[in-house]
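Architecture and fold: a report
If you want the building blocks of each chain, they are given just below.
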Amino acid sequence: VYSQRGMSEHLFQDGRVADLFKFAVAYYRESHLAPNREVLCDRFPWYADAVADCHGAAPSYLAGGVEGNYLRNAMDGIIRDYVSAINVGPSEQLERVMWVRDALTLLTTNLASSTDIIEYGKDMDAYRERMAKVRQRGGIPYPFQAMTEHTGGIMPGELCTLVAPSGMGKSMFGCLEALEAVRAGHNVMYATLELMPETICTRIELMQANRFGMVVDASTYERGMRTTEQETAIEVARQEILDMPGELYVANPIPSDRSPAAMVDLAKAKGCDLLIIDQLQFVRMPERRSLTESIGAGLQDLKQAISSPTDGRKIAVLMLHQMNRTGVKAQQQGVSKVGSMADISNSAWVEQISDVVWALGRTREEQLNDIMNLATLKVRSIAPAGWRLFWDASSSYQFYILEDEHGRPDKLEEWT
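Residues numbered from 1 in each chain as written. Predicted model: local features only at pLDDT ≥ 70, side-chain atom pairs only at ≥ 80, totals over all residues. Heavy atoms only, no water.

Quick word on the overall build of the chain
Tallying secondary structure elements over the chain gives 16 helices and nine strands in all. Every one of the 416 residues in the chain was classed for burial, and the buried ones make up 44%. In the chain, once contacts between residues fewer than 6 apart in sequence are set aside, the share between residues at least 24 apart is 66%. Working note: accessible area of the chain is about 22300 Å², and carbon and sulfur atoms make up 52% of it. (Helix = DSSP H or I, 4+ residues; strand = E, 2+ residues; numbered from the N terminus. Buried < 20%, exposed > 50% of the residue type's maximum accessible area, 1.4 Å probe, protein only. Contact = heavy atoms within 4.5 Å. Areas by Shrake-Rupley, 256 points an atom, 1.4 Å probe, with all protein chains shown as cover.)

As structure tokens, this is what we get:
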């Protein structure tokens, strides 16, 4: 609320409060989360005592009160200064009037809203460029450029969930995400709770080896039917991955280390800023009265660990999760491109805790043509989006968003 209203530290008389307010707004604009009490107490030791007897109030009410106090105090000061100079000469009076004009201008500026105003058409390119830079700041890129440009990537402290039917390609998406994040300079922990780490590594190597057109046939290579040429291509791909600016770690934690907190700690211990969890149903959840309550508590623990950590180190999480039978049937019959939130296992908790939810899906006919649909089922502060993809999960391990006749990403207009 304060950020949208354009409030600044100049509205506060107490310098300490002004500094705290400036820090809090900057923190919000950078992370898209308001700093909690722990963050503020760590940055400003006096804060805990200052708010010990304070009670909560609506932000809009508090904002109005701050602006009202500032306006009254500022006007009182302007009037006092002007009245004190009433008996001066004409030239000095003119100078004083000019001073009052400047003071009122500053007063208006400090109370102005931060709403963007653009002249449609004339300023649109510059506006889009500026907003693109804002979205991209700090986000870990998705596997596809159109996803990253639209959303700004996966933000620190953000829980992103990808859902799809079993065998549809969730792990493939996770492997491609890991590869592109490492290529962009991020350290990634891929926690595989179902497949072997060697399988994940091999898939990532095949993706890298085949990025410019198939060199190694994945289906035959993984069955052990390998030629010298293919082995050479894989060795080149491995070295290229090692030379990337980011680091990749693939782990298969033992059951006792599969709790949300343990996996986040493991990722942080390796200096990672992205954790990929493959997949939710194999995560070790807190014990509760029912499975649903247990999953809810686990997701809450995960979100707390990444968005409000005690050590102050936020990391992003991509979590892979199952679509239920109803969603699978709707996709296969063409009723829905990717399903809906109601078609996700434990959908209520996933929807409540996740910041962004993506879904993969396709009909039987689309499967025969290596076509996949990717779309949002939940978004934070961005518009819903969906695209059609080429999706080869058997021979080349290549995946990309298709383009329309104008060379633009082929968007899905309707998907649920």
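Overview of the nonpolar core
Formed by 50 residues in total, the largest nonpolar core has its most connected members in Phe-144, Trp-358, Leu-374, Trp-387 and Trp-391. Judged by nonpolar contacts, the second largest core, of 35 residues, contains Ile-295, Leu-302, Met-341 and Ile-344. (Core = buried A, V, L, I, M, F, W, Y, C linked by side-chain atoms within 4.5 Å.)

A closer look at unusual backbone geometry
Cis peptide bonds are those with omega within 30 degrees of zero, and the linkage from Asp-278 to Gln-279 qualifies with 10 degrees. Of note, Gln-279 is situated in the loop between strand S4 (274-278) and helix H13 (291-307). We note that Asn-346 has phi near 55 degrees; this positive angle belongs to a residue other than glycine. Here Asn-346 is to be found in the loop between helix H14 (325-332) and helix H15 (347-353). Phi angles above zero are rare outside glycine, and Asp-370 is one such case at about 55 degrees. Relative to the helices and strands, Asp-370 resides in the loop between helix H16 (364-368) and strand S7 (371-378).

Remarks on the pairing of S4
Regular strands place side chains that alternate from one sheet face to the opposite one. Along S4, five of the five residues are buried, which leaves the element largely enclosed by surrounding structure. Where burial is concerned, the two faces of S4 agree: the one with Leu-274, Ile-276 and Asp-278 and the one with Leu-275 and Ile-277 are both buried. When strand S2 (residues 188-192) meets S4, the two strands line up parallel, connected through five bridges. Paired with Thr-192 across the bridge in S4 is Asp-278. (Pairing = 2+ DSSP bridges.)

Interpretation in functional terms is not warranted from these geometric data alone.
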